[in-house]
Amino acid sequence: MAASNGHEKVNTGPANMLYFTITIAFLVVFQPKAVSSNQEKVEEFFKSDHTNNWAVLVDTSRFWFNYRHVANVLSIYRSVKRLGIPDSQIILMVADDMACNPRNPRPATVFNNANQHINVYGDDVEVDYRGYEVTVENFIRVLTGRLPPSTPRSKRLLSDERSNILVYMTGHGGDGFLKFQDAEEVSSVELADAFEQMWQKQRYHELFFMIDTCQAESMFQKFYSPNILAVASSRVGEDSLSHHVDPALGVYVIDRYTYYALEFLETVKPGSKQTMSRFLKVCPKDKCISTVSTRIDLFRRNTTDTLLTDFFGGVRNVELLTETISLKKKETNVKQETCSKDSCQKLDANKKKFTFPDQFPKIYF
């Protein structure tokens with residue numbers, strides 16, 4: 001039926017009323033859920049509180065028969081690069097050049113498997129400390145930042161209080177020490193003190209320490225700094241064993257713990273939701289033969305809620321939202337005190353930020 005003004009009447013029958021009711025109900029029910037989902041994504045993004053990732057990867061052994069230790073460190077190097085940590089944020093210390101060793105039948109390559117599936121040396125490896133540069137002194141200086149002014153940026157650990165750092169070490173060790181090139185040792189006490197210096201100087205937010213050596217557990221028993229998660233390939237009194245031999249090389253090509261850790265990392269992608277809890281269990285005793293040991297008492301987060309890519313990755317996903325997200329302020333334990341005008345000035349003076357002095361002051365007393 002036509003209306004008097006020439007327009008058609010809107011049918012307000014039961015069918016259309018039902019349509020409008022369903023539409024309104026859909027908007028009411030599903031729109032808040034979408035906002036809630038976005039809120040969860042934002043909270044997940046800021047959960048770890050870190051803004052950048054660094055890796056310090058150290059092989060402490062030289063000589064051809066220690067080929068596997070070079071393969072170990074290059075395997076981890078390849079994995080962290082693939083997961084997003086750039087070379088500019090990786091400190092790679094390799095004590096010997098197996099790729100160019102005259103005994104190597106395949107020059108310019110390092111394989112961690114007898115089947116030669118992966119050339120972990122690759123075409124773009126950047127070694128920061130090589131050969132006799134790999135010393136205990138240089139290692140401690142890299143961690144603590146106490147390097148000479150002439151040291152290039154590529155050899156510096158330029159981390160800050162929002163940095164998550166992976167420290168991986170492999171070589172020959174014993175109860176409370178790790179040998180560097182059969183010439184010197186770094187003790188568990190020295191390593192613990194170096195990490196404490198890093199914490200005091202605000203050089204890390206969270207640190208994951210990973211070591212593959214004999215009696216590896218002893219190297220983290222002296223740790224006392226906060227926000228450190230540690231895993232070792234063997235307990236005190238146990239040897240950390242090799243995985244298999246490459247007949248063409250005549251030497252073992254990788255250690256058991258690193259082999260299974262790499263096998264797991266190869267399944268991880270930059271956006272993976274795999275957790276550190278899962279990674280800490282990659283090598284049970286029936287595979288490693290030695291007993292993998294962990295230390296989580298210094299780590300403030302639950303490993304089941306900590307993403308693997310918080311330490312092994314460097315890519316953070318960004319998703320543009322059209323909604324406005326309100327971020328919750330972190331609660332602090334600082335009490336609000338009332339004060340008069342004079343006393344407030346004194347409080348403000350006491351609340352000035354502390355600054356760290358120069359490591360190499362220009363004036364010496």
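Residues numbered from 1 in each chain as written. Predicted model: local features only at pLDDT ≥ 70, side-chain atom pairs only at ≥ 80, totals over all residues. Heavy atoms only, no water.

The protein is annotated in an unreviewed UniProt entry as GPI-anchor transamidase from Biomphalaria pfeifferi. Under the heading Pathway (unreviewed entry), UniProt records this for the protein: "Glycolipid biosynthesis; glycosylphosphatidylinositol-anchor biosynthesis." (UniProt positions renumbered as here; feature names shortened; annotations may be inferred.)

Peer 1: Can you tell me about the side chain of Ser 188, naming the residues and giving the values?
Peer 2: Along the chain, Ser 188 turns up in helix 4 (residues 188-200). On the accessibility criterion, Ser 188 (6% relative accessible area) is buried. Excluding residues that lie within four positions of it along the chain, Ser 188 makes contacts with Gly 176, Ser 218, Met 219 and Lys 222. (Helix = DSSP H or I, 4+ residues; strand = E, 2+ residues; numbered from the N terminus. Buried < 20%, exposed > 50% of the residue type's maximum accessible area, 1.4 Å probe, protein only. Contact = heavy atoms within 4.5 Å.)

Peer 1: Explain the UniProt feature "active site" (unreviewed entry) in the protein residue by residue, including any values.
Peer 2: UniProt records the feature "active site" (unreviewed entry) for His 172 and Cys 214 in the present numbering. Judged by maximum C-alpha separation, these annotated positions cover 43 residues in sequence but sit close together in space, the widest gap being only 6.5 Å. For His 172, a relative accessible area of 24% gives the class partly exposed. Leave out the neighbours within four places in its chain, and His 172 touches Thr 60, Ser 61, Asn 66, Arg 68, His 69, Leu 178, Lys 179 and Thr 213. A polar atom in the side chain of His 172 sits 2.7 Å from the side chain of Asn 66. What Cys 214 contacts, discounting residues up to four positions off in sequence, is Gly 173, Gly 174, Ser 234, Glu 238, Asp 239 and Ser 240. (Polar contact = N/O pair within 3.5 Å; in protein donor to acceptor, adjacent residues only side chain to side chain.)

Peer 1: Describe the sheet that holds strand 9 (residues 228-232), and please don't skip the residues or the numbers.
Peer 2: Judged by pairing direction, the sheet is mixed, and its seven strands sit side by side in the order 3-2-1-4-8-9-12 without closing on themselves. In the strand order of this sheet, the two ends are held by strand 3 (129-130) and strand 12 (293-295), each with one partner. (Pairing = 2+ DSSP bridges.)

Peer 1: I'd love a proper account of the environment of Leu 265, names of residues and values included.
Peer 2: Here Leu 265 shows up in helix 5 (residues 256-265). Residues Leu 265 and Ser 79, spaced 186 residues apart in sequence, show a C-alpha to C-alpha distance of 6.7 Å. Excluding its chain neighbours within four sequence positions, the residues that come into contact with Leu 265 are Ile 76, Ser 79, Arg 82, Phe 279, Leu 308 and Phe 312.

Peer 1: Can you explain the state of the cysteines? Please cite residues and give values.
Peer 2: Enumeration over the complete set of coordinates arrives at one disulfide. With a sulfur-sulfur separation of 1.7 Å, Cys 283 is cross-linked through a disulfide to Cys 288. Taking the sign of the torsion about the S-S bond as the criterion, the disulfide between Cys 283 and Cys 288, at about 115 degrees, is right-handed. Each member of the pair, Cys 283 together with Cys 288, is buried. (Disulfide = S-S within 2.5 Å.)

Peer 1: Just give me the short version of the sheet that holds strand 6 (residues 177-180), but keep the residues and values in it.
Peer 2: The strand order 5-6-7 describes an open sheet built from three strands, whose pairing is antiparallel. Of all strands in the sheet, those with a lone pairing partner are strand 5 (173-174) and strand 7 (184-187), marking the two edges. Note that strand 5 and strand 6 share two bridges and pair antiparallel. Bridge pairing links Gly 174 to Phe 177 in strand 6. Of the strands in this sheet, strand 6 and strand 7 touch helix 3 (residues 136-144), which is tilted by about 35 degrees from strand 7. (Axes fitted to C-alpha atoms, helices over the stretch in contact; angles between N-to-C directions.)

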